[in-house]
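Residue-level structure breakdown
This is what each chain is made of:
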Amino acid sequence: MTDLTWSVAWEIELDDAAHAGIAALLGRAYAQPQRFTGGRSWAGARPEVRVVARDGATPVAHAGIVRRFLRTLPEGRDVLVGDVGLVAVDPAHHRRGLGTALMARVVDVLVDLDVPFGFLSCGPAVEPFYRAAGWTRLPGVRVHLVDTHHRARVDEDPAMVHAAGRPLSAWPATRVLARDGQLV
Ligand SMILES: CC(C)(COP(=O)(O)OP(=O)(O)OC[C@H]1O[C@@H](n2cnc3c(N)ncnc32)[C@H](O)[C@@H]1OP(=O)(O)O)[C@@H](O)C(=O)NCCC(=O)NCCS
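The sections below set out a description of the structure shown in this document. As the structure is a prediction and not an experimental result, all values here were calculated from the model.

Quick look at the pattern of salt bridges now. Applying the stated criterion to the full structure yields 12 salt bridges. One salt bridge connects Arg 131 with Glu 127, and the closest N-O pair in it is separated by 2.6 Å. In this pair, Arg 131 and Glu 127 both sit in helix H3 (residues 127–132), 4 residues apart, roughly one turn of the helix. Given the relative accessible area of 10%, Glu 127 is considered buried. Of the charged contacts in the structure, one is a salt bridge between Arg 151 and Asp 147, with a shortest N-O distance of 3.9 Å. Judged by its relative accessible area of 51%, Arg 151 falls in the exposed class. Here the salt bridges share partners, and the residues they tie into one network are Asp 147, Arg 151, Arg 153 and Asp 155.

Ranked by size, the top nonpolar core spans 27 residues in total, and within it Ile 65, Val 84, Met 103, Val 106, Leu 120, Tyr 130 and Trp 135 carry the most contacts. Among the elements of the structure, strand E2 (49–55), strand E3 (58–73), strand E4 (78–89) and helix H2 (98–113) are those that each provide at least two residues to this core. With residues up to four places along the chain from it excluded, the contact list for Val 106 reads Val 51, Ala 63, Ile 65, Val 84 and Trp 135. Grouped together as the second largest cluster of nonpolar side chains are 15 residues, Val 81, Phe 117, Leu 138 and Val 143 included.

Between Leu 73 and the following residue, Pro 74, the backbone shows a cis peptide bond with an omega angle of 5 degrees. For Pro 74, the position within the fold is in the loop between E3 and E4. Its identity is not glycine, yet Leu 86 carries a phi of approximately 55 degrees, on the positive side. Summarising the element assignment, Leu 86 is placed in strand E4. Leu 86 gets classed as buried once you look at its relative accessible area, which sits at 5%. With phi around 70 degrees, His 150 is a residue other than glycine that occupies positive phi space.

For the rest of this paragraph, the subject is the site of the ligand. As a structural note, the neighbourhood of the ligand is formed by 19 residues, with Val 89, Arg 95, Gly 97, Gly 99 and Thr 100 the closest of them. The fraction of the free accessible surface of the ligand (880 Å²) that becomes covered by protein chains is 72%. Mapped onto the shell around the ligand, the elements with two or more residues apiece are E4, H2 and H3. For the shell around the ligand, the residue count by class is 13 nonpolar, 4 polar and 2 charged.

About the cut-offs
- All residue numbers refer to positions counted from 1 along the written sequence of the respective chain.
- It should be noted that, the model being predicted, local features are given only for residues of pLDDT at least 70 and side-chain atom pairs only at 80 or more, the latter also being counted only at that level, while totals for whole chains, interfaces and linings use all residues.
- With hydrogens and water set aside, each side-chain value is computed from the structure's full complement of heavy atoms.
- We define a salt bridge as a contact between a side-chain nitrogen of Lys or Arg and a carboxyl oxygen of Asp or Glu at a distance within 4 Å.
- What counts as a helix is a DSSP run of H or I of at least four residues, what counts as a strand is a run of E of at least two, and both are numbered from the N terminus.
- Note on classification: 1.4 Å probe, protein chains only; a residue is buried when its accessible area is under 20% of the maximum for its type, exposed when over 50%, partly exposed between these limits.
- What we call a nonpolar core is a set of buried Ala, Val, Leu, Ile, Met, Phe, Trp, Tyr and Cys residues that are connected through their side-chain atoms within 4.5 Å.
- Two residues qualify as a contact provided that any one of their heavy atoms is within 4.5 Å of a heavy atom in the partner residue.
- Each residue is tested against the molecule or strand, and it is near if at least one of its non-hydrogen atoms lies within 4 Å.
- To measure how exposed things are, a 1.4 Å probe is used in the Shrake-Rupley method; for residues, cover is taken only from the protein chains shown.
- Under the grouping applied here, Gly and all other residues not named as nonpolar or charged are polar, the nonpolar ones being Ala, Val, Leu, Ile, Met, Phe, Trp, Tyr, Cys and Pro and the charged ones Asp, Glu, Lys and Arg.

All quantities given are derived from atomic positions and should not be read as evidence of function.
Below, the structure is given as structure tokens:
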């Protein structure tokens, strides 16, 4: 892991070859190569910025971030977050701390972006990974979102936050969030 090189790249800085490498990693990590065909390195919303670790030229860890406002319901209070997704580590590198190192760099980027909080939703099975990386589950929170098939639905999966520019104590006490864009 010491030989890996890390980069933080804005979306417009990535060329076709970079997208192809990331798409291949996402296909391996999610075991869904058909979902990331044609150099398409995203599933729903395209990230604005990506954190990538490479072994030589090959991406082995990746996370995407897009800044957006969530809304609390029913109040309608806006909450600026760095919405994190497409978190993936090459299966050949699992359980060596690479995912944890990736999420530490994600938090660094969130702080650099000057967003108050990081936000993500995840399957229940990987909640322990995010907890171990310092993320906090929002208990009992439902998220109204637009899924990768462009359908609005209510998501009961774990919603996780991380402090960036503001302490977690500043997170609004709400049980329902609206994310009026596709998940990353
Ligand atoms: C989830 C993922 C990014 C973890 O990467 P990783 O490099 O293996 O993670 P780490 O080695 O840093 O794990 C740190 C700790 O997180 C927990 N953890 C790691 N992977 C986990 C998993 N799949 N499920 C539950 N807990 C997990 C463990 O407590 C682990 O510590 P341990 O190995 O000492 O038990 C990787 O398994 C992956 O890419 N999975 C497929 C894609 C995916 O599910 N992404 C998340 C979408 S929301």
